[in-house]
Structures are given as structure tokens and as C-alpha cells.
Amino acid sequence: MKTALVTGATGAIGKSIARQLAEHGDFKVVLTARDEKKAQKVTEEIIRQTGNKNVRYVMVDLSLKSAIRDFVKSWKDPLHVLINNAAVTPRQRLESAEGIELQFATNVLAYLWLTNELLEFLKQGAPTRVVNVASYYAGNLDLNDLEFKKRRYDNNSAYRQSKQANRMLTVAQAEKLKSFNITVNSCHPGDVNSQLSNNLGFGGSTPPDKGAETPVWLATNPAQEGVTGKFFSHKREADCQFSQDKAAIEKLYEICESY
């Protein structure tokens, strides 16, 4: 049986991603969460709906590098699929307990930290797929002010920056991990009505199950074997203007690695 790890799995899209992976039947699915009551409820619901008893949750605050490291110390299995999906959109500028602006820590650095810390297990599971849930709603990246210390914080701008960063870092990670038979792709899941989108002032017309389709397709579709460093939307490769600037991508990767 393969093992898949889904972050932010109690949110609207994450829950649907985890359930659809569990429906495949050949996956053990591990959910990360911060709210234990919610995590327990979602896990029980997925087991009941899919009949797959190999679903469990782990508690980890992904905004903290120390918490990610502690979590990985307890990990034992080869990992075949990692779906980085967790994100936050606080309406005011907040910092993690490690002093990093919260959207940057959770939406950007956590994707990188988790992939890096789990690398040995990803190698063991090869061919392995890493899927970074990004968005077409992306832009505003400022390499000189990634934490909004100089700019006025606005959660839409911070979110758009984080999704641009996801798409750029996907290109860097894909290049660095391809020799280990690990692919890394990013995707737009659709405009799903969620707490995240509500915080940004949006509703959303895409049902969560539809939003989960592209991440799950990237994680499981045999035709995607070996495809890496790309951006997808609606189960199709899409143009990504942010993947062209190799110097900016390398600079962003270097900055993120310094945290």
C-alpha cells in the first residue's frame, strides 16, 4: 500500500483531497491538522464514507519549522505522495511563534520545510509525487519584503504573493529533486468557498470535490509519471508566467532556505 500525506486536511479542499485519495483504496492517508476535534471528526467521516480504515491524522503546526521537525522524527514509512495544501489568510498581520509573518510561514515556507525534512522518506517511496496547491490568484511578490515589514499588510496581497511563491518554488524543487525520481508540480484547485476564501472577501462557486480533482489527479494519474516543474489547472497544464524568471526563482529559493 502507498502512503499519502495531505496538509491542511480539515479545510474544504484538503478534506476532499484526503477523501478522494482514500477512495482509491491503495493509499494509506495521513492528514495533518491543528484542531484535534476537527481532525478526529474528518478522519472518522472519511473512513465511514470510503471504507478505507487506513486513514489517520497527526497534529502539527506547519507554521513552525521546529514542529515540522518534531513531526518528521516520528515518521517511519516510505512516502509516495505529499500534497502541500495548508494555507491561512489572516486579516491582520500575524507572526508565528518563531517570529515569521504567518502567511509566509504557513503558505510558503511550510511547503519547502516539509518536503525537505521528509526527503529521505520521499526517496524511499520513489517514484514519488509532490503536489503544491497554489492558485491562479497569484502576484505581488516582493523579494525585498516577503514578510510585509516595509509594505502595509493586506491579506489579499500576502496570499497572492504566497501563491506566486508556491509556483516559483515548485520549479526550483522540481529541478533539485528530479535525480531522486521525485516529481514536483503545482496547481490551481478552483474557486472553492472556504474559510480561506471568505477571509479574502470571496465566496467561491467550485464545489470542494471539484477543487480536489486536479491535486488528486496529479498525485495518482499514471500519465503524469515523470512530469515535473509544471503548473496545472482543471487537469491540464497551464502557462505560468512566474516560471520563466530563473534568477528570481533561484533568489527566492535561497531566501526561503535561509529560514
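Above: the structure in question.
Residues numbered from 1 in each chain as written. Predicted model: local features only at pLDDT ≥ 70, side-chain atom pairs only at ≥ 80, totals over all residues. Heavy atoms only, no water.

*Asks:* Please set out the overall build of the chain residue by residue, giving values where relevant.
*Replies:* Each helix and strand in the chain was counted, giving nine helices and eight strands. The C-alpha atoms of the chain give 17 Å as radius of gyration, which agrees with the globular expectation for 259 residues (18 Å, within 12%). The C-alpha extent of the chain, read off along each of the three principal axes, is 50 × 40 × 35 Å. Across the 259 residues of the chain, 55% fall into the buried class. Look at the contacts in the chain between residues 6 or more apart in sequence, and 74% of them connect residues 24 or more apart. Put simply, the chain shows about 11500 Å² of open surface, and 46% of that area lies on carbon and sulfur atoms. Each charge sign in the chain was given a centre, from 34 positive and 29 negative side chains, and these centres are 2 Å apart. (Helix = DSSP H or I, 4+ residues; strand = E, 2+ residues; numbered from the N terminus. Rg over C-alpha atoms; globule rule 2.2 N^0.38 Å. Buried < 20%, exposed > 50% of the residue type's maximum accessible area, 1.4 Å probe, protein only. Contact = heavy atoms within 4.5 Å. Areas by Shrake-Rupley, 256 points an atom, 1.4 Å probe, with all protein chains shown as cover. Lys, Arg positive; Asp, Glu negative; His and termini not counted. Charge placed at Lys NZ, Arg CZ, Asp CG, Glu CD.)

*Asks:* With reference to specific residues and values, describe the environment of Val 88.
*Replies:* Following the sequence through the fold, Val 88 ends up in the loop between strand 4 (81-84) and helix 4 (102-117). For Val 88, a relative accessible area of 11% corresponds to the buried category. The spatial distance from the C-alpha of Val 88 to the C-alpha of Ile 47 is 26 Å, given a sequence separation of 41 residues.

*Asks:* Which residues make up helix 4, and what are the values?
*Replies:* Within helix 4, the axis deviates most sharply at Leu 109, by approximately 50 degrees. Helix 4 sits mainly inside the fold: 14 of its 16 residues count as buried. Capping the start of helix 4 is the job of one residue whose side-chain oxygen sits 2.9 Å from the backbone nitrogen of Gln 103: Glu 101. (Bend = angle between axes of the 7 residues up to and from the residue. Polar contact = N/O pair within 3.5 Å; in protein donor to acceptor, adjacent residues only side chain to side chain.)

*Asks:* Account for the pattern of salt bridges, naming residues and giving values.
*Replies:* All chains considered together, the criterion is met by 13 salt bridges. Note that Glu 250 is salt-bridged to Lys 176, the shortest N-O span being 3.6 Å. Of this pair, Glu 250 sits in helix 9 (residues 246-257) while Lys 176 is found in helix 6 (residues 155-177), placing the two residues 74 residues apart along the sequence. Owing to a relative accessible area of 33%, Glu 250 belongs among the partly exposed residues under this scheme. A relative accessible area of 35% means that Lys 176 is categorised as partly exposed. Among the charged side chains, a salt-bridge network with shared partners connects Arg 19, Glu 23 and Asp 209. (Salt bridge = Lys/Arg side-chain N within 4 Å of Asp/Glu carboxyl O.)

*Asks:* Explain the pairing of strand 6 (residues 182-188) residue by residue, including any values.
*Replies:* Taking burial as the measure, the seven residues of strand 6 include seven buried ones, the bulk of the element. Pairing of strand 5 (residues 128-133) with strand 6, which is carried by six bridges, proceeds in the parallel orientation. Bridged to Val 133 within strand 6 is Cys 187. Viewed along the sheet, the connection from strand 5 through helix 6 into strand 6 turns out right-handed. (Pairing = 2+ DSSP bridges. Right-handed = clockwise from strand over helix to strand, strands pointing away.)

*Asks:* Kindly report on the side chain of Gln 164, identifying the contributing residues and their values.
*Replies:* Residue placement: Gln 164 occurs in helix 6. If we ignore the near neighbours within four places in the chain, the residues touching Gln 164 are Ala 138, Gly 139, Asn 140, Leu 141 and Phe 242.

The values are spatial; any link to function lies outside them.
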